[in-house]
Amino acid sequence: MSERPIIVANWKLGLDHNQSLVLAGQIANDARELTANAHIILSPSATSLSKVVQEFGDPAPVSFCVQNVYSEVIGPFTGETSIAAAQQLGCRYMIAGHSERRRLFGETDEGVAKKTKLAIQFGVTPIVCVGETYEERQSGQAEIVVSNELKMALGNLEVNENQQVLIAYEPIWAIGTGQAIHPDQARLMAMVIRQQLVDMFPDPIVQNFILIYGGSVDANNIRDFVDGRVIRGVLVGGASQNFDDFKALVLAATNK
Ligand code: PGA
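Residues numbered from 1 in each chain as written. Predicted model: local features only at pLDDT ≥ 70, side-chain atom pairs only at ≥ 80, totals over all residues. Heavy atoms only, no water.

A closer look at the overall build of the protein
- Per the secondary structure count, the protein includes 11 helices and 8 strands.
- In terms of C-alpha radius of gyration, the protein reaches 17 Å, essentially the compact-globule figure of 18 Å for 256 residues.
- Each of the three principal axes of the protein carries a C-alpha extent, and together these read 45 × 45 × 35 Å.
- Every one of the 256 residues in the protein was classed for burial, and the buried ones make up 53%.
- Taking contacts inside the protein between residues at least 6 apart in sequence as the whole, the part at least 24 apart equals 74%.
- For the protein, the exposed area adds up to about 11800 Å²; of that, 48% sits on carbon and sulfur atoms.
- In the protein, 20 side chains carry a positive charge and 28 a negative one; their mean positions are 3 Å apart. (Helix = DSSP H or I, 4+ residues; strand = E, 2+ residues; numbered from the N terminus. Rg over C-alpha atoms; globule rule 2.2 N^0.38 Å. Buried < 20%, exposed > 50% of the residue type's maximum accessible area, 1.4 Å probe, protein only. Contact = heavy atoms within 4.5 Å. Areas by Shrake-Rupley, 256 points an atom, 1.4 Å probe, with all protein chains shown as cover. Lys, Arg positive; Asp, Glu negative; His and termini not counted. Charge placed at Lys NZ, Arg CZ, Asp CG, Glu CD.)

Next up, the structure:
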């Protein structure tokens, strides 16, 4: 992994297929400039993955990520997405346990753990999301909640020396609200996460875990979060879903 900041563009269900292809085409056109500034990981909806990947040629200057997969690889699971298929389409990353999935679709810690393990079996880098609600932060529970989510997602995980795992700290109340957490608080939580990982994984494997922040990141605040040491990148929803905002964000990541 290069030292460029990591920018995961989570398009969620924010774009239809045609819009996804337009945005992918715009990013592909400017790929040289954009990828000089950041390691860009595009996460379109599953139905558009294949065509979005095709916009970039081979080898692609950006990476691709599936927003979710099912915790089984194959079988009678109508409507689900398979890690095997995502990997075959070119995804090197998978988001596990995004708070929207936990909150709206009943994703459990057990499911997150299974998917994370599965991703690793398929050589896909999981992006494991953790984060507290506003009430949990107000009542002083944020650190416990995040530590517990990490323990449950990563508890039985075997990580080899070549396998990376991204941990996205995303305070739930900061997602899609335009109200990012204060960068100092994000850095404090990053330390808590780092300590939890040190408790769970031996050195040097623990170095394979990379922390990123998500929640209302845009061109104006990205530099406050990405410091290249504790927080190495961002997971971006809203500001990744139109080209002008996204380009401004990527260029701002390295202050150009
Ligand atoms: P946001 O979303 O940037 O729109 O807050 C972040 C996320 O959901 O990962």
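Still more to cover.
Section: the site of the ligand
- Of all residues adjacent to the ligand, which total 13 residues, the nearest are Lys 12, His 98, Glu 170, Gly 176 and Ser 216.
- Within the backbone of Ser 216, one N or O atom sits 2.8 Å away from an oxygen atom of the ligand.
- Coverage of the ligand by the protein amounts to 96% of the 280 Å² it exposes when considered alone.
- A class-by-class count of the residues in the shell around the ligand yields 4 nonpolar, 7 polar and 2 charged. (Near = heavy atom within 4 Å. Polar contact = N/O pair within 3.5 Å; in protein donor to acceptor, adjacent residues only side chain to side chain. Nonpolar A, V, L, I, M, F, W, Y, C, P; charged D, E, K, R; others polar.)

Quick look at the sheet that holds strand β8 (residues 233-236)
- With parallel pairing, 8 strands are arranged side by side around a closed barrel as β1-β2-β3-β4-β5-β6-β7-β8. Ignoring strand direction, the axes of neighbouring strands in this sheet form an average angle of 25°.
- Those strands touched by helix α9 (residues 183-200) are β5 (125-130), β6 (165-169) and β7 (209-214), and its axis lies near 150° from that of β7. (Pairing = 2+ DSSP bridges. Axes fitted to C-alpha atoms, helices over the stretch in contact; angles between N-to-C directions.)

Some remarks on the pairing of strand β1 (residues 6-10)
- Counting buried residues along β1, 5 of its 5 residues qualify, which places the element largely inside the surrounding structure.
- The side-chain alternation of β1 yields two buried faces, one formed by Ile 6, Val 8 and Asn 10 and the other by Ile 7 and Ala 9.
- Of the strand pairs in this sheet, β1 and strand β2 (residues 39-43) are connected by 5 bridges, and their pairing is parallel. Counterpart to Val 8 in the pairing with β2 is Ile 41.
- Inspection of the sheet shows β1 paired to β8 by 4 bridges, in the parallel sense.

Some remarks on the environment of Glu 3
- By the element assignment, Glu 3 lies in the segment before β1.
- Taking the C-alpha atoms as reference points, Glu 3 and Ala 219, 216 residues apart in sequence, are found 19 Å from one another.

Brief notes about the side chain of Glu 170
- Mapped onto the elements of the fold, Glu 170 is located in the loop between β6 and α9.
- No salt bridge is formed by the buried Glu 170; the nearest opposite charge belongs to Lys 12, separated by 6.7 Å. (Salt bridge = Lys/Arg side-chain N within 4 Å of Asp/Glu carboxyl O.)

Points about the packing of helix α6 (residues 109-121) against helix α8 (residues 142-154)
- Relative to each other, α6 and α8 sit at 50°, their axes nearing to 7 Å. On the basis of the axis angle, α6 is oblique to α8. Relative to α8, α6 is oriented so that their crossing is right-handed. Facing Asp 109, Val 112, Ala 113 and Thr 116 of α6, the residues of α8 in contact are Glu 149, Met 152, Ala 153 and Leu 154. (Parallel < 35°, antiparallel > 145°, perpendicular 65-115°, else oblique. Left-handed = near helix turned anticlockwise from the far one by under 90°.)

A closer look at the packing of α8 against α9
- Between α8 and α9, the shortest axis-to-axis distance is 10 Å and the interhelical angle comes to 35°. The hand of the α8/α9 crossing is right-handed. Contact residues: Ala 142, Glu 143, Val 146, Ser 147, Leu 150, Lys 151 and Leu 154 in α8; Met 189, Val 192, Ile 193, Gln 196, Leu 197 and Met 200 in α9.
- In terms of residue class, the contact of α8 with α9 is made up of 9 nonpolar, 2 polar and 2 charged.

Comments concerning the state of the cysteines
- Applying the stated rule across the entire model yields 0 disulfides.
- The thiol of Cys 65 is not disulfide-bonded; the next cysteine sulfur, from Cys 91, is found 6.6 Å away. (Disulfide = S-S within 2.5 Å.)

A few points about the environment of Glu 33
- Following the sequence through the fold, Glu 33 ends up in helix α2 (residues 31-37).
- Separated by 214 residues in the primary sequence, Glu 33 and Lys 247 have C-alpha atoms spaced 9.4 Å apart.
- Apart from the residues lying within four places of it in its own chain, the contact partners of Glu 33 are Lys 247 and Leu 251.

Some words on the pattern of salt bridges
- The full count for this structure, using the stated rule, is 9 salt bridges.
- The partner of Lys 247 in a salt bridge is Glu 33, and the shortest N-O contact between them spans 3.4 Å. Note that Lys 247 is positioned in helix α11 (residues 243-253) and Glu 33 in helix α2, a separation of 214 residues in sequence.

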